[in-house]
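Secondary and tertiary structure notes
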Amino acid sequence: MPSPTALSSVLFFFLFLVPIVQSQISIPARYDGFVYKNHRVSSDSVMIDAFFDPICPDSRDSWPPLKQALHHYGPAVSFVVHPFALPYHDNSFVASRALHIVNKLNSSATYDLLELFFNHQEEFYNKQTFNMSRSTIVSHIVQFATKAVGNSFYSAVASGFEDRNTDLTTRISFKYGCSRGVFGTPFFFVNGFALPDADSAIDYDGWRRILEPLVGKSTARREEPVHYF
Ligand SMILES: *[C@@H]1O[C@H](CO)[C@@H](O)[C@H](O)[C@H]1NC(C)=O
Ligand SMILES: *[C@@H]1O[C@H](CO)[C@@H](O)[C@H](O)[C@H]1NC(C)=O
């Protein structure tokens, strides 16, 4: 049996210290995540936020049908990926950090790197990297990320891993996911609302069923002012 004193200090911790810790998460200067090309956020587009772990097979499998749907709707749907490094994937945080580093160097190459991770994920699974040192993995990921952003950026990518800011922005992505209640990947929000059973695969028809009624409405609203002219 824990003593009453122990219980009251536990209570004290949750009542007073936890809120203090939470309030110390500083608000980033910009909204977290990577905007998909030509799918910028606008007031009359349908907004999808996706939380992907670059080393997660379910995230990988969910991307092609979603990408196809994004291409179908064009700018009527805006799309932002937030990297979310699951703690049981040993190399996910480093991979997520590489996405932030590349995004800073050339934001157009971020999705190229995400797809490279998806297509070569096995190289970074826990078992495959079990005997590798941290520095071996980081230099492997530096070489890997350089493929997406271009050879001339090799040293910029490498020094990105020594820049504390890229560590912090990767933490922000993780914390942002936590603050939205994300507990697995992939995890999707449409216009800010979590999709039910978000971590099960949604195929192309599934995305069409979700988006079709929403895109129809936001387009109708957008066209309304035309009547006045
Ligand atoms: C940025 O990346 C895009 C897509 O990979 C590429 O077309 C463009 O040339 C790159 N820009 C620079 C400055 O490297
Ligand atoms: C790791 O290295 C040890 C010792 O060389 C070897 O016995 C083991 O099979 C290796 N494990 C993996 C997963 O490669």
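Remember, it's a predicted structure, so these values are computed and weren't measured experimentally.

Tallying secondary structure elements over the protein chain gives 8 helices and 5 strands in all. In the protein chain, the succession of helices and strands from N to C terminus is α-β-β-α-β-α-α-α-α-α-β-β-α. Of all 229 residues assigned to the protein chain, the portion counted as buried reaches 41%. Considering only contacts within the protein chain whose residues lie at least 6 apart along the sequence, 77% involve residues at least 24 apart. Working note: accessible area of the protein chain is about 13000 Å², and carbon and sulfur atoms make up 60% of it.

Read across the sheet, 5 strands follow the order β1-β3-β2-β4-β5 without closing on themselves; strand pairing throughout is mixed. The two strands at the open ends of the sheet, each matched to only one other strand, are β1 (34–35) and β5 (193–194). Against the sheet, helix α4 (residues 110–119) makes contact with β1, β2 (46–52) and β3 (77–83), and its axis sits at roughly 60 degrees relative to β3, the strand it touches most.

For soluble globular proteins, nonpolar side chains are generally found buried alongside one another. Judged by nonpolar contacts, the single largest core of 47 residues is most densely connected at F52, F79, L113, F117 and W207. Among the elements of the structure, β2, α2 (57–73), β3, α3 (92–105), α4, α5 (134–149), β4 (187–190) and α8 (204–223) are those that each provide at least two residues to this core. Here the element with the most residues in this core is α5; it accounts for 7 residues. Setting aside chain neighbours within four positions, we find F79 in contact with F34, V35, Y36, H39, I48, A50, F52, W63, L66, L70 and Y111. One finds F51, L86, V182 and F187 within the second-largest nonpolar core, a separate group that totals 7 residues.

Turning our eyes to something else, we now look at the confidence of the model for the protein chain. On average, the protein chain scores 88 in pLDDT, and the residues at 70 or more come to 83%. Predicted confidence is poor over residues 222–229, with pLDDT under 50, and the contacts of this stretch with residues over four places away or in other chains come to 1 contact.

Our next topic: the site of ligand 1. The environment of ligand 1 is made up of N106, S108, D112 and F153. With respect to ligand 1, the side chain of N106 contributes an N or O atom lying 2.3 Å from an oxygen atom. A distance of 3.2 Å separates an oxygen atom of ligand 1 from a polar atom in the side chain of D112. Taken together, the residues of the shell around ligand 1 sort by class into 1 nonpolar, 2 polar and 1 charged.

What follows is about unusual backbone geometry. In this chain, T185 is followed by P186 through a cis amide linkage whose omega measures -5 degrees. You can see P186 is positioned in the loop between α7 (164–179) and β4. At N191, a residue that is not glycine, the phi angle is positive and equals roughly 50 degrees. Assignment of secondary structure puts N191 in the loop between β4 and β5.

Let us look at the pattern of salt bridges. Taken as a whole and assessed by the stated rule, the structure comprises 6 salt bridges. Linking R60 and E122 is a salt bridge whose minimum nitrogen-to-oxygen distance equals 3.6 Å. Of this pair, R60 sits in helix α2 while E122 sits in the loop between α4 and α5, and the two are 62 residues apart along the sequence. Since its relative accessible area comes to 23%, R60 is described here as partly exposed. R208 is the salt-bridge partner of E212, the closest N and O atoms lying 3.3 Å from each other. Remark: R208 and E212 occur in helix α8; sequence separation between them is 4 residues, near one turn of the helix. Here the residues in one salt-bridge network are R60, D61 and E122, joined through shared partners.

This part takes up the pairing of β3. Most of β3 sits inside the fold, with 7 of its 7 residues counted as buried. In β3, alternate side chains face the same way, and those of V77, F79, V81 and P83 on one face and S78, V80 and H82 on the other are all buried. One ladder, built from 2 bridges, connects β1 with β3; its direction is antiparallel. Each bridged residue has a counterpart across the sheet, and for F34 the counterpart in β3 is V81. For the handedness criterion, the β-α-β arrangement of β2, α2 and β3 is classed as right-handed.

About the thresholds
Residues numbered from 1 in each chain as written. Chains lettered and ligands numbered in written order. Predicted model: local features only at pLDDT ≥ 70, side-chain atom pairs only at ≥ 80, totals over all residues. Heavy atoms only, no water. Helix = DSSP H or I, 4+ residues; strand = E, 2+ residues; numbered from the N terminus. Buried < 20%, exposed > 50% of the residue type's maximum accessible area, 1.4 Å probe, protein only. Contact = heavy atoms within 4.5 Å. Areas by Shrake-Rupley, 256 points an atom, 1.4 Å probe, with all protein chains shown as cover. Pairing = 2+ DSSP bridges. Axes fitted to C-alpha atoms, helices over the stretch in contact; angles between N-to-C directions. Core = buried A, V, L, I, M, F, W, Y, C linked by side-chain atoms within 4.5 Å. pLDDT = per-residue confidence, 0-100. Near = heavy atom within 4 Å. Polar contact = N/O pair within 3.5 Å; in protein donor to acceptor, adjacent residues only side chain to side chain. Nonpolar A, V, L, I, M, F, W, Y, C, P; charged D, E, K, R; others polar. Salt bridge = Lys/Arg side-chain N within 4 Å of Asp/Glu carboxyl O. Right-handed = clockwise from strand over helix to strand, strands pointing away.

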